[in-house]
Amino acid sequence: MTTDLPASPTPSVQSVSLADRPGLLLRSTEDILGAVPYLLGFHPADSLVAIGLRGRPPRGRLHLTVRWDLPPVDPDAAQVAAVFRREGVTQVILAGYGTGPLVTPAMDETVAAFRRGDLVVVDALRVEDGRYWSYLCSRSGCCPPDGTPYDPRAGEIAARAIVRGLVAFPDRESLARSLDPVGGAAREAMRQATARVTRETGERLAVCGDVDGFAAEFVADGVARVRAAIGVYAAGGRLDDEQAARLGLDLAVVRVRDEAWALVTDDSCDVHRRLWQDLTLRLEPRFVPPAASLLGLVAWREGDSALAGIALTRAHEADPGYSMANLLMHALRHLVPPQALKDRMPSPEELDQEMGSPRAAWLLPMISLLEETGTPAG
């Protein structure tokens, strides 16, 4: 698992599970530094990265990677060490990215905190401008004063990571831009599709004589569309603009959104990731929070909390009060493992039992969207 927590209100720690990145056998310092960008999803800068291993020295299995910003604000090194102990980590390799004045104070604090936590610090490195230095080695034969050169974009580890489909953006900002909304003709087409869908829905709601009955029909159709959309992306397809707009409106109803949440499994994460990332990019801004929150959930479960944090930020920017985004953001900030929420998420059948029959009150978030788009809802 990788955890990434940038400055508040976005998460500022990134954790990555190396169990989710199989086949990267790291034999040397150069291998470790070469793997870090592919574990994080981007080449770090002004960062401290802690790589946790399970097992007895000198061998160990990579398990957890945590990255946080320098200078550190939150969390502190003791908090990260506590997470490592909770995860069964026994050994740690630390790498600070940046200048000596930036990295050294944070590294000293982190090494001390990890040692107080009975964790073996295998090495503590500083990385800058294609060179690295070890804080724990003073032998000039292997650790020269002017640093050891290495190329994070070349070498066997980088090649194997790319073959396995891992991507390393140049920096975190580039990763964030990968979730920028579509523009130009694609945006205009989506805007028109959204107007058609909201107008039609508002007209249906305005003439219905039984709002509870309308709610039951709306939820049933929305749940069916969620399942159909998952099937489309599982088959390599893509929703058209009107289908995307309709699903975006469906997701405003919590029972429909929670259907999507409940259907996320370890085996289906890739499909959900493609679906919710596509909708996050395409939906009109006020429709984004549910899709972006679902993307954040899936990325977090996959161990990509850098993308999770960026997706949740998109949701928060569109609606600062959106509860699902705030819940997941809180979990990321406090380094809660995804398993903690996964084990507590009810099945679709349990959702029906817990929430009962659909009723008019369920539609209020959807009606609010209709009103914000200038669509009369009766």
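To be clear, the structure that these remarks concern was listed above.
Residues numbered from 1 in each chain as written. Predicted model: local features only at pLDDT ≥ 70, side-chain atom pairs only at ≥ 80, totals over all residues. Heavy atoms only, no water.

Peer 1: Is there a simple way to think about the overall build of the chain in this case?
Peer 2: In terms of helices and strands, the chain carries 16 helices and 8 strands. Restricting the contact set of the chain to residue pairs at least 6 apart, pairs at least 24 apart contribute 71%. (Helix = DSSP H or I, 4+ residues; strand = E, 2+ residues; numbered from the N terminus. Contact = heavy atoms within 4.5 Å.)

Peer 1: Is there a simple way to explain unusual backbone geometry in this structure?
Peer 2: Across residues other than glycine, the phi torsion is negative in most instances, and most of the peptide bonds are trans. Going from Leu-70 to Pro-71, the amide bond is cis rather than trans, its omega being -5 degrees. With respect to the helices and strands, Pro-71 occurs in the loop between strand E4 (61–69) and helix H2 (77–86). Phi is positive for Asp-118, which is not a glycine, with a value near 60 degrees. For Asp-118, the position within the fold is in the loop between helix H3 (100–116) and strand E6 (120–128). Backbone geometry at Asp-129 places phi at a positive 50 degrees, although glycine is not the residue there. Residue placement: Asp-129 occurs in the loop between E6 and strand E7 (131–134).

Peer 1: Looking at this model, I keep getting lost on the packing of aromatic side chains. Mind explaining?
Peer 2: For any pair of aromatic rings, geometry is given as the distance between the ring centres together with the angle between the planes. Throughout the structure, instances matching the rule amount to 3 aromatic pairs. Judged by centre distance (6.3 Å) and plane angle (25 degrees), the rings of Phe-214 and Phe-218 are stacked. Here Phe-214 and its partner Phe-218 are both found in helix H7 (residues 211–234), 4 residues apart, which amounts to about one turn of the helix. For Phe-214, a relative accessible area of 4% corresponds to the buried category. Here the guanidinium or amino end of Arg-126 rests over the ring plane of Trp-133, the centre of that ring lying 4.3 Å away. (Phe/Tyr/Trp six-rings, centres within 6.5 Å; stacked < 30°, edge-to-face > 60°. Buried < 20%, exposed > 50% of the residue type's maximum accessible area, 1.4 Å probe, protein only. Lys NZ or Arg CZ within 6 Å of the ring centre and 35° of its normal.)

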